[in-house]
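# Coordinate analysis (summary)
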Amino acid sequence: MTSVASVGSGPEDYSAATSVEQAVRFLAGGESAILAGGTDLMVEAGRAVTNCKRLLNIRRIDALRGVTEKDGRISVGALTAVSDLLGDPVLRAEAPILADTADRFASDQIRNMATIGGNVCNASPAGDLIIPLLILDAELELVAWRNDGLASRRVALDGFFRGPGQTAREADELLVAVHFAVPGDGFHARFMKSGPRPALEIATVAAAIGLCLDSDRVSHIRLAFGSVAPKPIRAPRTEAHLMGKALTEDVIEEAGAIAAAEITPIDDVRASAWYRRHLAAVYTRRLLGNDT
Amino acid sequence: MKPIEKKSVIGGRVPKPDAPDKAIGRTQYINDIELPRMLVGKILHTDRPHARIRGIDTAAAKALPGVHAVLTGDDVPVLTFGMNKDNVPLKRDKVRCIRDEVAAVAAETEAICDEALRLIAVEYEDLPGIFDPAEAMRPGAPAVHDERPDNLSLAYKFDHGDIGAAEAESDVVLDDVFNVHYVTHCCMGPGCVIADFDTEGRLTIYSQTQYPYNFKMDIAPALGMHPGDIRVIQPPVGGAFGSKLDVYPFEPVAALLARAARRPVKLVFSREEEFINAPTRQPARIHLRTGATRDGILTFRDVDCLLNNGAYTSWGPTTPYVMMRTFSSHFRVANVRYRSQAVYTNNPYAGSFRGYGNVQATYATASHMDMLAERLGMDLLTLCLKNAQVAGEVSPQGSRLDDMAFVECLTVAGEKTDFTAKAAQYTAERERPGRIKRGIGVASSIHNAGGAKIHKSDGCGTMLKLDDYARCTVITGASEIGQGIDAVICQIVTEELGIPMADIIIANDDTAIAPWDVGVHASRTTFIAGNGAQRVAQKAREQILRAASHQANLPWEALDLREGWVVQDENGEPVVKLDKLLREMHFQDEPELVMVADYYEPPSEAEGPNHTGDMSAAYSHAVHVAEVEVDTETGEVHVLKVTSVQDVGRVINEMGLEAQVEGGIIMGLGYALSEELKIEDGIVKNPSFRDYKLVTAPEVPELDLHFIESDSKTGPMGAKGIAELPTIVIAPAVANAVYNATGVRFRDPPLTPEKVARAIYEHRAPKVAAE
Amino acid sequence: MTLEVAIAFELNDRPSSASVPADRSALAMLREQFGLTGAKLACGEGECGACTILVDGRSVNACLMAAVDCDGRVIETIEGLRTEEGLHPMQQAFVDQGAIQCGYCMPGMIMQAKYLADRQPDLSLEALRRGLEGNICRCTGYQKVFDAVAAAAGLPKENQP
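Let me sum up the structure you'll find in this document. As the structure is a prediction and not an experimental result, all values here were calculated from the model.

## What about the overall build of chain A?
Of the regular secondary structure elements, chain A holds 11 helices and 14 strands. Its C-alpha atoms give chain A a radius of gyration of 20 Å, near enough to 19 Å, the size a compact globule of 292 residues would have. The C-alpha extent of chain A, read off along each of the three principal axes, is 65 × 45 × 30 Å. Of all intrachain contacts in chain A linking residues separated by at least 6 positions in sequence, the fraction that spans at least 24 positions is 61%. Entry remark: accessible area of chain A is about 11,200 Å², with carbon and sulfur atoms responsible for 48%. Of the charged side chains in chain A, 31 are positive and 37 negative, and the gap between their average positions amounts to 3 Å.

Next up, the structure:
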């Protein structure tokens with residue numbers, strides 16, 4: 001059976017951009033779906049790709065791929081595939097948490113397609129890659145075609161998310177890169193994720209920590225969770241509790257309790273709020289105590 | 001020419017004949033088939049579990065270009081089908097569960113079908129839904145079917161001995177309720193059917209069915225047809241596991257569309273539709289009381305089962321037939337009482353699924369054995385051995401337990417795993433500090449292994465022909481669903497006829513050609529189709545050797561067939577090449593072709609109305625030992641190793657046998673730990689692989705398989721059926737191991753991380769008052 | 001009306017071209033326009049791997065790959081593995097080790113296995129298991145799939161499952 005073109009639905013306008021300028025000029029022409037990894041856009045249920053009128057394929061913009069380091073800052077191109085994050089030598093050396101998180105992301109096949117930019121813009125409450133980026137105080141670079149020219153802005157990742165699937169990205173903006181400062185030598189960062197399957201899983205809970213110690217006391221702390229709120233979040237009360245303290249058993253125990261109390265998980269088909277709070281406490285303790 | 005030695009292909013590691021085509025992507029599965037001028041069919045399912053249909057407006061859908069047929073219940077005669085004749089292909093007055101088929105469309109493309117479905121407007125009047133079977137039994141509960149105001153469906157009872165007296169003699173009585181859950185088959189090939197009528201109104205249906213002959217009988221009423229006018233073609237399928245042992249509405253719907261459109265119609269489920277519409281395993285609330293003496297002798301089992309029938313009745317509510325067998329025959333028990341009641345609700349309904357009631361019942365019986373051992377202060381294996389039947393016993397339901405190896409299975413399992421010592425060690429370690437705990441658990445069960453006489457015949461027809469080149473075709477009624485009957489039949493025929501396996505074709509996919517078989521179920525196919533194949537092969541062998549005896553100058557019994565030659569049996573001296581002989585037979589004055597037929601009926605009995613009868617020609621046991629590691633904080637259970645000891649009668653294809661056992665164990669692990677179709681208020685909440693958790697490659701434990709050959713006197717070459725026991729036994733083995741590790745008993749699978757974490761947390765934490 | 005886009009690409013070592021609706025998946029294009037029915041539609045959301053193909057040497061779920069983005073790329077499907085000499089060693093290993101039962105998931109499984117073995121010649125059993133986590137099989141329990149890959153990849157003895 002040959003398929004005839006679909007009945008009155010599906011994109012009427014398509015561009016395979018090869019430069020950022022070409023891409024944002026297309027976006028300026030009207031609301032568009034962006035094809036990056038395709039791992040959300042192409043999903044059959046709800047067929048987002050069929051329901052859009054304009055389709056922008058950015059997979060040919062090579063400038064958006066790759067990891068670079070300059071002046072103490074790392075830039076990850078938005079189109080960098082998750083599997084490329086896994087093996088990237090700069091990330092392995094300077095921010096291994098991102099590489100480790102990538103290793104726990106879905107499956108090989110999905111990792112080969114999904115992009116860091118897509119994961120950020122899709123803004124799932126689970127947002128696997130978002131969690132470590134929050135730990136790294138990441139910043140997003142967005143570009144649009146405005147007033148006959150390229151307009152660029154940077155926005156902190158923390159604060160970029162409005163709710164499930166909703167971000168501060170304007171319809172004509174393209175996420176081009178994620179930036180963060182190279183963590184110092186004493187920065188310990190780890191990621192943890194739940195579920196019987198190691199990776200192909202929307203996490204029941206995901207957690208990441210980044211901390212520095214100064215004479216055994218916490219001098220820098222970032223704690224982030226996924227799947228415990230409408231968006232990936234930091235845990236400011238837990239962070240405040242830990243600042244300046246030595247990581248004794250009591251401090252760690254209490255940190256777990258505070259984390260469990262400050263998150264706002266719901267009951268859903270994957271897990272109950274009880275279990276999410278329970279896991280958040282467990283992961284907080286393990287991340288702080290360096291347990292597996 | 002040198003003498004030819006006798007070489008056996010039985011017991012070897014034989015690749016499946018259809019594997020090469022599957023490996024290169026050449027196999028045309030039913031989902032791949034396109035017929036000329038074929039249309040796409042799709043169903044409009046209801047979006048609510050209980051409502052009256054006030055009206056359906058199909059005008060806009062019918063007017064859409066490319067649409068060839070739009071049907072609702074009003075467009076077709078009311079023709080009921082199903083176990084209780086309570087189902088129709090397209091629903092008219094009411095929808096009773098979330099699957100209900102309200103309308104159907106046939107159109108030129110999938111996109112046009114989708115658009116047409118969107119254009120169909122249905123007006124519903126919502127009715128209160130009833131979802132809990134206990135609630136549904138109460139007076140005043142909403143009636144799912146108006147004709148059955150009490151919502152009662154099938155009920156079963158069985159009695160043997162005297163429960164009251166047995167209880168009085170018991171030193172220990174365990175009393176527990178086990179709630180076993182909804183799971184679904186997750187065949188990789190989603191539901192698919194192609195219907196095609198000829199000019200005389202006769203139907204050819206391409207179906208995933210596992211029971212093609214009775215399928216004709218069961219689908220005919222839904223179409224107002226005579227079963228003889230229905231031809232079933234069975235292309236290769238992407239799995240079945242019991243999901244295709246009944247007629248489900250999507251198949252007659254496709255036929256109704258094909259009839260209305262006067263063109264072939266192919267209907268395929270999306271994965272989401274598959275999750276919602278494929279029949280589930282039968283869930284059950286099992287109230288089990290088990291009695292024993294202080295010496296560990298089982299005295300009685302008293303069982304009350306409440307089954308959620310769902311909105312319509314398929315095979316699920318008949319699983320008590322098999323559950324009874326577990327409760328009466330899993331170990332020696334002198335007194336048994338079994339009661340079950342299925343109750344209609346507005347839920348999706350259950351069918352048959354590998355293990356068929358035995359999975360559910362064994363979860364209860366094997367858990368109770370573990371609990372009994374602890375209560376009596378006895379080692380579990382010792383307790384099992386005290387109650388294990390030996391060859392020659394007859395069960396309370398009249399099963400003749402010949403050719404048994406239960407004791408040997410238990411003994412080997414214990415030796416290979418050092419179970420007793422480890423169980424004691426892990427029990428001692430339970431209370432020590434440390435969040436990772438190890439545990440070891442044992443479970444066993446019995447299942448029919450020589451067919452199951454649930455229909456008037458449990459037989460299989462087989463025909464065999466040889467051509468002038470000594471190429472063989474075996475036409476069998478047995479269906480190949482991926483389980484490997486093709487390899488087994490080839491091996492048996494090769495063993496008898498000395499023809500290379502590559503020269504044998506199995507033809508079994510067209511009811512117009514192949515003879516009757518009752519279907520793939522009850523672990524019967526190797527036993528019954530294998531016996532059928534052996535019988536025709538032996539008939540052919542005799543015919544050939546008789547034809548050769550003159551030129552050999554020997555009686556035919558002194559001859560043999562080896563590697564394409566007739567030879568002297570005693571010394572392997574070649575007599576005549578087989579293909580040459582066949583041509584001589586064909587072109588002689590009175591031509592003789594080798595074309596033989598046989599119908600094999602196993603020596604078993606249908607159950608009488610009191611549920612007694614030796615309903616299988618053989619029975620088998622399996623014992624599993626599971627070793628686990630539990631993270632007591634996250635609740636994650638990692639299965640480290642599964643040791644399986646199974647009585648297989650005789651190994652025919654060692655590789656195929658391992659493959660089935662491995663697959664069955666992993667399927668059962670999913671049942672134990674992670675699979676659960678979550679249905680709330682009649683709605684399936686997790687209809688995707690994302691949220692329905694199958695076991696994946698990284699989670700496979702170390703598997704140590706042992707096969708005991710009890711050499712069945714009734715089985716082909718001594719073999720018995722094997723494929724369901726691996727799925728039946730593993731879940732309680734894992735649950736028992738988790739108990740050993742944590743001291744927490746789980747009566748309600750699956751043992752998900754959340755459930756385990758919560759139970760351990762509550763087990764350890766002092767109860768908070770007034771929570 | 002949905003836009004139709006003309007694309008050209010290499011398909012199983014041969015130059016190929018097609019006109020595809022802008023929203024079509026590579027899987028639908030391969031199955032419906034090229035008759036390459038080896039890759040299967042089994043979930044449509046990248047969860048099961050039954051549609052795994054290689055694009056520019058990397059394994060992907062064809063159901064999530066946009067057909068329009070096949071333009072200019074190198075596409076390999078299960079049908080392209082065998083040669084005049086016969087089955088690809090990975091295909092042959094799956095046959096010989098009994099790793100195929102119903103076989104529906106196998107085109108995707110074999111493509112992923114080949115990708116893993118080619119990418120990492122010193123593949124460990126651990127890495128193999130992780131590498132196959134995106135391929136669901138309901139029949140085999142995966143053990144014989146591991147055996148097949150070990151046999152085909154010539155895993156050193158200590159790494160054999």
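Now, onward.
## Concerning the overall build of chain B
Along chain B, the regular secondary structure elements total 19 helices and 30 strands. Here the C-alpha radius of gyration of chain B, 28 Å, is about what a compact globule of 771 residues would show, namely 28 Å. A principal-axis box enclosing the C-alpha atoms of chain B has dimensions of 95 × 75 × 50 Å. For chain B, with 771 residues in total, the buried portion stands at 66%. Total accessible area on chain B stands at roughly 26,600 Å², and carbon and sulfur atoms take up 50% of it. For chain B, the centre of its 79 positive side-chain charges and the centre of its 108 negative side-chain charges are spaced 1 Å apart.

## A few points about the packing of helix H10 (residues 358-376) of chain B against helix H18 (residues 725-742) of chain B
Residues and elements named next belong to chain B. Running from N to C, H10 and H18 cross one another at 35°; their axes reach a closest spacing of 8 Å. Like other packed secondary-structure pairs, H10 and H18 cross with a definite hand, here right-handed. Mapping the contact onto sequence places Asn-358, Val-359, Thr-362, Tyr-363, Ala-366, Ser-367, Asp-370 and Glu-374 in H10 and Thr-727, Ile-728, Ala-731, Pro-732, Ala-735, Asn-736 and Tyr-739 in H18. Class assignment for the residues of the contact of H10 with H18 results in 8 nonpolar, 5 polar and 2 charged.

## Structural notes on the packing of aromatic side chains
Here the structure, examined in full by the defined rule, presents 15 aromatic pairs over all chains. An angle of 40° between the planes, with centres 5.1 Å apart, marks the rings of B:Phe331 and B:Phe406 as tilted. Note that B:Phe331 is positioned in the loop between helix H9 (320-329) and strand E15 (335-344) and B:Phe406 in helix H12 (residues 406-417), a separation of 75 residues in sequence. Here B:Phe331 falls in the buried class, since its relative accessible area comes to 1%. Accessibility expressed as a relative area gives 0% for B:Phe406, which makes it buried. Here the aromatic rings of C:Phe9 and C:Phe34 are separated by 5.8 Å at their centres, their planes lie at 70°, and the arrangement is edge-to-face. Of this pair, C:Phe9 sits in strand E1 (residues 4-11) while C:Phe34 sits in the loop between helix H1 (26-33) and strand E3 (52-55), and the two are 25 residues apart along the sequence.

## What to know about the interface of chain C and chain A
Of the residues lining the interface, 39 residues belong to chain C; the matching set on chain A comes to 41 residues. Of the roughly 3,200 Å² buried between chain C and chain A on both sides combined, carbon and sulfur atoms contribute 47%. Put simply, chain C and chain A have 6 salt bridges between them. A salt bridge links A:Arg111 to C:Glu133, with the shortest nitrogen-to-oxygen separation between them at 3.5 Å. Mapped by element, the contributors of at least two residues to the side of chain C that touches chain A are E1, strand E4 (58-61), helix H3 (106-119) and helix H4 (125-131) of chain C. Within the side of chain C that touches chain A, the residues separate by chemical class into 14 nonpolar, 12 polar and 13 charged.

## Description of the sheet that holds strand E5 (residues 74-76) of chain C
Residues and elements named next belong to chain C. One open sheet accounts for 5 strands, arranged E2-E1-E5-E3-E4; its pairing is mixed. Single-partner strands in this sheet number two, and they are strand E2 (14-21) and E4. Taken over all neighbouring pairs, the strand axes of this sheet differ in orientation by 40° on average, direction set aside. The pairing of E3 with E5 spans 2 bridges and is antiparallel. From the neighbouring strand, Val-55 faces E5, where its bridge partner is Ile-75. Here H1 sits on the sheet and contacts E1, E2 and E3; the angle it forms with E2, its principal contact strand, is near 110°. In this fold H3 packs onto E3, E4 and E5, with an angle of close to 40° to the strand it touches most, E3.

## Notes on the pairing of E3(C)
Residue and element names in this part refer to chain C. Burial along E3 is two-sided: Thr-52 and Leu-54 facing one way and Ile-53 and Val-55 facing the other are all buried. Bridge analysis of E3 against E4 gives 4 bridges, and the strand direction is antiparallel. Looking across to E4, one finds that Thr-52 is bridged to Asn-61. Adjacent in sequence and paired antiparallel, E3 and E4 are bridged by 2 residues, among which Asp-56 carries a positive phi angle near 50°.

## Overview of the side chain of A:Glu141
All names here are of chain A. Residue position: Glu-141 is located in strand E6 (residues 139-146). On the basis of relative accessibility, which here comes to 17%, the residue Glu-141 falls in the buried class. At 2.6 Å, the side chain of Glu-141 and the side chain of His-179 are in polar contact. In contact with Glu-141, other than residues within four places in its own chain, are Ser-152, Arg-153, Arg-154, Leu-174, Leu-175, Val-176, Ala-177 and His-179.

## Description of the interface of chain B and chain C
With 49 residues of chain B in contact, the opposing surface of chain C contributes 41 residues. In total, about 3,600 Å² of surface goes out of reach between chain B and chain C, with carbon and sulfur atoms giving 59% of it. Run the count over chain B and chain C and you get 6 salt bridges. Between B:Asp32 and C:Arg31 there is a salt bridge, with its nearest N and O atoms 2.8 Å apart. Between chain B and chain C we count 23 residue pairs in polar contact (both at pLDDT 80 or more) in total. If one sorts the elements of the side of chain B that touches chain C by residue count, helix H17 (residues 654-673) of chain B sits on top with 8 residues.

Conventions used here
Residues numbered from 1 in each chain as written. Chains lettered and ligands numbered in written order. Predicted model: local features only at pLDDT ≥ 70, side-chain atom pairs only at ≥ 80, totals over all residues. Heavy atoms only, no water. Helix = DSSP H or I, 4+ residues; strand = E, 2+ residues; numbered from the N terminus. Rg over C-alpha atoms; globule rule 2.2 N^0.38 Å. Contact = heavy atoms within 4.5 Å. Areas by Shrake-Rupley, 256 points an atom, 1.4 Å probe, with all protein chains shown as cover. Lys, Arg positive; Asp, Glu negative; His and termini not counted. Charge placed at Lys NZ, Arg CZ, Asp CG, Glu CD. Buried < 20%, exposed > 50% of the residue type's maximum accessible area, 1.4 Å probe, protein only. Axes fitted to C-alpha atoms, helices over the stretch in contact; angles between N-to-C directions. Left-handed = near helix turned anticlockwise from the far one by under 90°. Nonpolar A, V, L, I, M, F, W, Y, C, P; charged D, E, K, R; others polar. Phe/Tyr/Trp six-rings, centres within 6.5 Å; stacked < 30°, edge-to-face > 60°. Buried area = accessible area lost by both parts, 1.4 Å probe. Salt bridge = Lys/Arg side-chain N within 4 Å of Asp/Glu carboxyl O. Pairing = 2+ DSSP bridges. Polar contact = N/O pair within 3.5 Å; in protein donor to acceptor, adjacent residues only side chain to side chain.

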